[in-house]
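Residue-level listing of the chains:
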Amino acid sequence: MFKQGRLTVVEEIQRFFRQVCSEAGRKGVIGFSSVDKVRLLPEQRQYLQAKLNVLGSVQDITAVSLGLLYHESEVLAIPAGWRGKPETDDCWDDYARAYHTVNDALNRVAAILAARFWGVAEQATVAGWAGKVKHVTEYFPHCVSHRAFAEAGGLGWRGRHGLIVTPEDGPALRLATLFIPGSVSPEPRELAGCGDCRACLDVCPVLHKGGDYREACRRRINGLHLRAEVCGICVRVCWERIRSRQA
Ligand code: B12
Ligand code: SF4
Ligand code: SF4
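Values in this document were obtained by computation on a predicted structure and should not be read as measured data.

Enquirer: Give a detailed account of the pairing of strand β4 (residues 61-69), specifying residues and quantitative values.
Expert: When you tally the buried positions in β4, you get 9 out of 9 residues, the bulk of the element. Along β4, one buried face is formed by I61, A63, S65, G67 and L69 and the opposite face, lined by T62, V64, L66 and L68, is buried too. Across 7 bridges, the pairing between strand β3 (residues 28-34) and β4 is antiparallel. By the bridge assignment for β4, G28 is matched with L68. When β4 meets strand β8 (residues 173-181), the two strands line up antiparallel, connected through 9 bridges. Along β8, the bridge assignment pairs L69 with L173.

Next comes the structure, spelled out in structure tokens:
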């Protein structure tokens, strides 16, 4: 790993990240992986290659996974059990608003880090397409999977619902990825995994559809007509499980 002054680049990024997270008023988690070692869909590898051209002909590129956690009140706005549609007295839309707030904060944090460390950032999400997209696969050529890098960087494990589950706060976070020149060796992290828990599978009928759950989830989210492309019931249920393990 290369050094810059007394701190390694990793330590410097971690320190800087903590500072910008605290300015954004959110807790953050960060992880590092080698871009070459992460398995991506061919269309996402192609998208990434084009994006990385701005870094020139560097040999090694490190993916820096950035996660910003939701506040507890935002997670508690999600219904605690399955709900077919919003009810007049629930606060589900507060979670939808938080989706925008966290995405904006993440995009800002990623842009600040990209400028400081000569990198290029992948924004939090492909937002505002929900009305135009006819099938979930239409998203894939226009982004890289943050989860693939977050998993490789040890931010968390891939839960049974497909999301990244962190020991800090379960899946109640949003992700972005920064790509910087240079190579790092990822720090191994102790991750408990799902064990015998199946709470997300029990709560969500969509997750029983195997690989097809992605398209079924997209349709369900569209049908909810919340203020953002969210549902999040699997997030809430999992978050509660992880919290109860910590108690
Ligand atoms: C498209 C999309 C959706 C679609 C499809 C979801 C999906 N599972 O793919 C819809 C609209 C349904 C959706 C729903 C949700 N989403 Co969404 N979504 C995305 C988006 C924009 C792209 C995801 C993507 O690339 N999918 C492609 C699949 C194939 O990727 P993957 O499963 O990670 O697999 C990778 C590797 O495993 C490997 N791989 C897998 N299969 C194969 C096969 C081969 C042959 C190869 C070579 C490689 C390979 O390559 C893949 C791609 O790199 C990301 C943002 C981003 N840029 O990452 C957010 C994201 C995944 N969503 C997120 C969230 C939170 C949600 C929701 C909870 C909505 C909400 N907030 O209420 C639900 C949960 C659904 C679920 N259980 O997964 C978060 C996840 C955070 C976390 N903790 O993990 C993300 C990362 C957004 C963010 N910035 O934080 N989402
Ligand atoms: S709810 Fe349980 S099974 Fe589902 S991802 Fe979380 S820990 Fe794993
Ligand atoms: S976000 Fe998708 S996977 Fe999660 S509970 Fe809702 S419908 Fe199921």
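Now that the structure has been shown, the text picks up again.
Enquirer: Report on helix α8 (residues 233-246), specifying residues and quantitative values.
Expert: The end-to-end C-alpha separation of α8 is 20 Å, in line with the 20 Å expected for 14 residues at 1.5 Å each. What α8 keeps buried is the set I233, C234, V235, R236, V237, C238, W239 and I242. For α8, the secondary structure elements touched by its buried residues are α3 (72-75), α4 (92-116), β6 (157-158), β7 (164-165), α6 (199-203) and α7 (213-224).

Enquirer: Explain the site of ligand 3 residue by residue, including any values.
Expert: Inspection of the region around ligand 3 gives W82, C204, L207, C217, R220, C231, G232, I233 and C234 as its neighbouring residues. Classifying every residue of the shell around ligand 3 gives 7 nonpolar, 1 polar and 1 charged.

Enquirer: Describe the site of ligand 1, with residues and values.
Expert: For ligand 1, the set of nearby residues contains 32 residues, the closest of which are Q44, S145, H161, I164 and L175. Between Q44 and ligand 1, the recorded distance is 2.5 Å, taken from a side-chain N or O atom to an oxygen atom. Of all the secondary structure elements, the ones that give two or more residues to the shell around ligand 1 are α5 (146-152), β8 and α7. No other element matches α7, which puts 5 residues into the shell around ligand 1. Here the shell around ligand 1 is built from residues that sort into 20 nonpolar, 6 polar and 6 charged.

Conventions we followed
- Residues numbered from 1 in each chain as written.
- Chains lettered and ligands numbered in written order.
- Predicted model: local features only at pLDDT ≥ 70, side-chain atom pairs only at ≥ 80, totals over all residues.
- Heavy atoms only, no water.
- Buried < 20%, exposed > 50% of the residue type's maximum accessible area, 1.4 Å probe, protein only.
- Helix = DSSP H or I, 4+ residues; strand = E, 2+ residues; numbered from the N terminus.
- Pairing = 2+ DSSP bridges.
- Expected span 1.5 Å × (residues − 1).
- Contact = heavy atoms within 4.5 Å.
- Near = heavy atom within 4 Å.
- Nonpolar A, V, L, I, M, F, W, Y, C, P; charged D, E, K, R; others polar.
- Polar contact = N/O pair within 3.5 Å; in protein donor to acceptor, adjacent residues only side chain to side chain.

Limitation: the analysis is restricted to geometry and does not speak to function.
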